[in-house]
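Listed below are the residues making up each chain.
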2 protein chains.
Amino acid sequence: MAHDDGIHAAVTCGDCPIRHRAVCARCEGDEIEELEQIKYFRSFEAGQTVIWAGDRMDFVASLISGVATLTQTLEDGRTQMVGLLLPSDFFGRPGRGEAAYNVIATTDIVMCCFRRKPFEEMMERTPHIAQRLLQMTLDELDAAREWMLLLGRKTAREKIASLLSIIARRDASVKRQEAKGRMAFELPLTREAMADYLGLTLETVSRQMSQLKREGVIELEGKRRVIIPDMDVLMTEAGDDSDGGFLV
Amino acid sequence: MAHDDGIHAAVTCGDCPIRHRAVCARCEGDEIEELEQIKYFRSFEAGQTVIWAGDRMDFVASLISGVATLTQTLEDGRTQMVGLLLPSDFFGRPGRGEAAYNVIATTDIVMCCFRRKPFEEMMERTPHIAQRLLQMTLDELDAAREWMLLLGRKTAREKIASLLSIIARRDASVKRQEAKGRMAFELPLTREAMADYLGLTLETVSRQMSQLKREGVIELEGKRRVIIPDMDVLMTEAGDDSDGGFLV
DNA sequence: GACCTCGCTTGATATGGGTCAATTTCACCC
DNA sequence: GGGTGAAATTGACCCATATCAAGCGAGGTC
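Residues numbered from 1 in each chain as written. Chains lettered and ligands numbered in written order. Predicted model: local features only at pLDDT ≥ 70, side-chain atom pairs only at ≥ 80, totals over all residues. Heavy atoms only, no water.

- The name an unreviewed UniProt entry gives chain A is Transcriptional regulator, with Paenirhodobacter enshiensis as the organism.

Structure follows, in structure tokens:
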């Protein structure tokens, strides 16, 4: 049962990424068995709110399929996305009984949930879990910091290019293809969600998308399908050369 | 040897916060003893660079005194602060041999360093360390997300008020005094560093500080000493009511 | 005491992105 | 295949913040 990469391991271990990613670093049978007892699935449709900031949250979860977002809002309604959850991403916090952010499904999603208390108890007894979770959290922190650079210092054009290349790269790694040359993918976000990710208005997002299209940096099929003729060009537009696999 | 709060514990455990914060959740003697073997101190003067992004980094560390920053830059020199380190904050990443960010001392600082490899080995054997580090990292992630809201959606005025109230609150908790009513503190950052924190230019920072002063929200003694006549007013200006003790 | 430097402030002007207001497109549903 | 409504585009205008530039003040050096 060789584990040469994340995807293979996840498949080998079963249908739920958390079993591999947060827990079974070495696929130990009894750990998986115990997780099985406290796990359950939930699904939501595109547009539904999974949980509101401040609500009781007695589970932690990993996303199996679809895309969800974490958002924060000011009283007057200004909202900022602070997390973009793609399949295999984890959310919820051990030791915290209430949600800190709004979690919203932007496509139909399926989540694999674990009851929080038993999960925390398991963490106490099973060093692998805490260690794996630490690695995942550190990765998220790096992604958050990259995101801060984007929010604080990039132009609207660079922001758009960055977001597109983040999604393209993440998508590419899932499909196990090289993130080079020509690429195509379905945008899982509305223009408004993109704006909330980037700290822009949806009009500016739209304008910059049109601009990039006019200049041949991207092509659009309909409103959501994006084709990148040349990833290198897009990444130059993004303003940094970070080739890391960041993204929360 | 009761541990009723973080500060007390840190003092009780010795002079280095990491011993309590990252490790000795229950002050177990042998863990402390072993850490003692791999620890060493380093100090830097205000303005010195502790480490450049990309450099080899074979230690992790906690800040004992002073203030340091983590910054990221684009090729053309635009820079964004992504971490503000105050005493007892931890930095460096287990499992990563090179620095991801520039670490710069903004005041004279003293750090308590631990050689990375032995620290990682200890983490493997000592669940408490990974668990404590996980909690600290999750707190940092929350702080980063609060920071993202600031960068993406707040006005210059709100950004300044937010930063001042973050520093004031953090300062207050160190001094064990209530973060209510009148407060005073020394700004540990230049206007330029404030700008890098907030995603603004230093001119805008200066103008907004003058504006807040003119309106009586803050008072200034010299350029660095800040007096907050009424914390509630400042926090209203900050645009959110988050009373959490966030901050990296 | 004159001079320099560095951090900061202030002013004048430019501009990127926000705001407000129509349209247009397209995915979906009869 | 035509109708409908939400999502997206586009235009006109405005404003918050950036940019460029000048000047100030405190501390340090000769």
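Once the structure has been displayed, the description carries forward.
1. Here we look at the protein's contact with DNA strand C
Here is step 1: Residues in contact with DNA strand C amount to 18 residues; listed here are only the nearest, A:Thr204, A:Arg207, B:Arg191, B:Ser206 and B:Ser210.
Here is step 2: The sugar and phosphate moieties of DNA strand C supply 63% of its atoms located within 4 Å of the protein.
Here is step 3: One of the side-chain nitrogen or oxygen atoms of A:Arg207 is found 2.7 Å away from a base oxygen of DNA strand C.
Here is step 4: Here B:Arg207 contributes a side-chain N or O atom positioned 2.9 Å from a base nitrogen of DNA strand C.
Here is step 5: At the level of elements, helix H8 (202–214) of chain A together with helix H8 (202–214) of chain B are the ones that each hand at least two residues to the surface near DNA strand C. (Near = heavy atom within 4 Å. Polar contact = N/O pair within 3.5 Å; in protein donor to acceptor, adjacent residues only side chain to side chain. Helix = DSSP H or I, 4+ residues; strand = E, 2+ residues; numbered from the N terminus.)

2. Here's the deal with the sheet that holds strand S4 (residues 68–73) of chain A
Residue and element names in this part refer to chain A.
Here is step 1: As summarised here, the arrangement of the four strands in space is S2-S7-S4-S5, forming an open sheet in which the pairing is antiparallel. Pairing within the sheet leaves two strands with one partner each, and these edge strands are strand S2 (49–51) and strand S5 (79–85). Neighbouring strand axes in the sheet, compared pairwise and without regard to direction, differ in orientation by 30 degrees on average.
Here is step 2: Pairing geometry for S4 and S5, over six bridges, is antiparallel. Note that in S5 the partner of Ala68 across the bridge is Leu85. (Pairing = 2+ DSSP bridges. Axes fitted to C-alpha atoms, helices over the stretch in contact; angles between N-to-C directions.)

3. With respect to the protein's contact with DNA strand D
Here is step 1: Neighbouring DNA strand D are 17 residues, the closest being A:Arg191, A:Ser206, A:Ser210, B:Thr204 and B:Arg207.
Here is step 2: The sugar-phosphate portion of DNA strand D accounts for 63% of its atoms within 4 Å of the protein, the bases making up the rest.
Here is step 3: Taking B:Thr204, its side chain carries an N or O atom lying 2.4 Å from a phosphate oxygen of DNA strand D.
Here is step 4: Listing elements by their share of the surface near DNA strand D, those giving two or more residues are H8 of chain A together with H8 of chain B.
Here is step 5: Residue composition of the surface near DNA strand D, by class: three nonpolar, seven polar and seven charged. (Nonpolar A, V, L, I, M, F, W, Y, C, P; charged D, E, K, R; others polar.)

4. Topic: H8(B)
Residues and elements named next belong to chain B.
Here is step 1: In this model H8 runs 18 Å from its N-terminal to its C-terminal C-alpha over 13 residues, within 8% of the 18 Å that 1.5 Å per residue would give.
Here is step 2: Of the residues making up H8, those classed as buried are Val205, Gln208, Met209 and Leu212. The buried side chains of H8 occupy one side of the element, clustering within an arc of 105 degrees when seen end-on. Turned more than 90 degrees away from the buried face of H8, the exposed residues are Arg207 and Arg214.
Here is step 3: Directly beyond the C-terminal end of H8, a positive phi value near 80 degrees is found at Gly216. (Expected span 1.5 Å × (residues − 1). Buried < 20%, exposed > 50% of the residue type's maximum accessible area, 1.4 Å probe, protein only. Arc of directions from axis to C-beta.)

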